[in-house]
Amino acid sequence: MMMQRGAIGSVVLTAVALTAIVGVAAAAPTPDKAAPVSHGKVTDNLYMSLGAFEDATSGEDPEVKAMIDRTDIGGVQVVAPWKALEGKKGEYKWSRLDNALKYLQDRHKKLFVQVQDRFFDVAMKDANVPQYVKDEGGVAPTVDENPDNPTTHGAMAAQWNKEVRADFQAMLKAMAEKFDGKLAGVNLPETAVEVDTKKDQTKYTSKSYIDAEIDNMRYGKKVFTKTQFIQYINFLPDDDDHKRMKEMFDLARDKKIGIGGPDTLPERQYQMENSYKFLHEYKDVLPLVAMAVQEPDINAKDPKTGKPFTRERFTDFAHDYLGARQMFWTTEAGWLQKPPA
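Residues numbered from 1 in each chain as written. Predicted model: local features only at pLDDT ≥ 70, side-chain atom pairs only at ≥ 80, totals over all residues. Heavy atoms only, no water.

A.B. asks: What is the right way to read the sheet that holds strand S11 (residues 326-330) from this model?
C.D. replies: For sheets, the rule is that strands pair by backbone hydrogen bonds, running either parallel or antiparallel. The strand order around the closed barrel formed by eight strands is S1-S2-S3-S7-S8-S9-S10-S11, and the pairing between neighbours is parallel. Neighbour to neighbour, the strand axes of the sheet diverge by 25 degrees on average, direction disregarded. Note: strand S1 (residues 43-49) against S11, five bridges, orientation parallel. Note that in S11 the partner of Tyr47 across the bridge is Thr330. Along the sheet, helix H7 (residues 206-223) contacts strand S7 (185-188), strand S8 (228-232) and strand S9 (258-261); its crossing angle with S8, the most-contacted strand, is approximately 165 degrees. (Pairing = 2+ DSSP bridges. Helix = DSSP H or I, 4+ residues; strand = E, 2+ residues; numbered from the N terminus. Axes fitted to C-alpha atoms, helices over the stretch in contact; angles between N-to-C directions. Contact = heavy atoms within 4.5 Å.)

Structure (structure tokens):
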């Protein structure tokens, strides 16, 4: 299965320009009836790494700093790698998030945090996880085979290893004790991962990987009771019948976990056949849908026009079809280079 990936702090791969129309996408199983959710309007936020946010607020990147203050921007989603939040085992570092939160609160803006445990186009040794996780063999090699780009390699925390997952969840618990109710949202990253099984030494299986993702979903919601907890879902390995993806969406519905995704690509076939169909079917029973528009998305061509997607096209699709109420925009988006309307 071809998977598109993207993460701040890495080379992001260009989306494959496949086309489809909404009506052609296979239907997801209809979710059980639940009280409908009002989608309301979309709130636009900026999307950037924690480091890029700090460069902006320090004045090193005045253009992005000005974007944060725009009247049409509701807040910022920062991508915080696990290593930025924990040094030695059990020694947590919150000052960078404290500073980001205060900066935004002073400007009446909101902070969303994406806790990153997987990294694309990096060497194994450069995975941005605590050193003790590496020392204990808790990092797995990944591979990204995209026909439009050279094959790239990355790494991720081996969440299917119980000890690694326990350490990750301990960090989430400590984070919740510090920030629950103060942050607008906390999300775990996309599920599209291909572990390089020829080089892996962590005993990865697709089942154990998905089981771990589900366990982290449950745990995140358990510890974040006031801040909205969100799981990004786009693709799952070895899930051609989508039973495991349905399991994740059912859990999100039942436990009131928000769902989102790292890419907004209107009517792209490979997206429509995976998480998009579930987002569409479940949008009225999820507490929140939050979608990102990253660099590959703004360069992708709209099959209806043959030109790059417009802001309106992104927003209309995300809101009307996927049910999004929060959108996180790369600072490279064209409309952010112009004054607010």
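A.B. asks: Looking at this model, I keep getting lost on the sheet that holds strand S6 (residues 152-157). Mind explaining?
C.D. replies: As summarised here, the arrangement of the three strands in space is S4-S6-S5, forming an open sheet in which the pairing is antiparallel. Looking at which strands have only one partner, the edges of the open sheet turn out to be strand S4 (118-119) and strand S5 (139-144). Sheet analysis places S4 next to S6, joined by two bridges and oriented antiparallel. Residue Phe119 lies in a different strand from S6, and its bridge partner there is Ala155.

A.B. asks: Explanation requested: the pairing of S6 in the structure shown.
C.D. replies: The side chains of a regular strand alternate, residue by residue, between the two faces of the sheet. In terms of burial, S6 is a largely internal element, five of the six residues being buried. Where S5 and S6 come together, six bridges link them in antiparallel fashion. Pairing of Pro141 across the sheet is with Ala155, part of S6. (Buried < 20%, exposed > 50% of the residue type's maximum accessible area, 1.4 Å probe, protein only.)

A.B. asks: How should I be thinking about the nonpolar core in this particular structure?
C.D. replies: The nonpolar side chains of soluble globular proteins are, as a tendency, buried together. Within the largest apolar cluster, 96 residues are counted, with the highest numbers of intra-cluster contacts made by Val115 and Met175. By residue number, the principal contributor to this core is helix H6 (residues 162-179), which donates eight residues. Apart from residues no more than four positions distant in its own chain, Val115 is found in contact with Ala80, Leu85, Phe168, Met171, Leu172, Met175, Val186, Asn187, Leu188 and Pro189. (Core = buried A, V, L, I, M, F, W, Y, C linked by side-chain atoms within 4.5 Å.)

A.B. asks: It is not clear to me how the confidence of the model for the protein chain should be interpreted in this structure. Could you clarify?
C.D. replies: Caution is warranted with low-pLDDT regions, since their predicted coordinates should not be read in detail. Summary statistics for the protein chain give a mean pLDDT of 90 and a share of 87% for residues scoring 70 or more. For the stretch residues 1-27, pLDDT sits under 50, and the model shows 90 contacts to residues farther than four places along the chain or on other chains. (pLDDT = per-residue confidence, 0-100.)

A.B. asks: What is the right way to look at the pairing of S9 in this model?
C.D. replies: Alternating residues of S9 divide into Gly258 and Gly260 and Ile259 and Gly261, and every residue in both groups is buried. In terms of strand pairing, S8 meets S9 through three bridges, oriented parallel. Note that in S9 the partner of Tyr232 across the bridge is Gly260. Read as a crossover between parallel neighbours, the route from S8 over helix H8 (residues 243-255) to S9 is right-handed. Bridging between S9 and strand S10 (residues 289-293) involves three bridges; their strand directions are parallel. (Right-handed = clockwise from strand over helix to strand, strands pointing away.)

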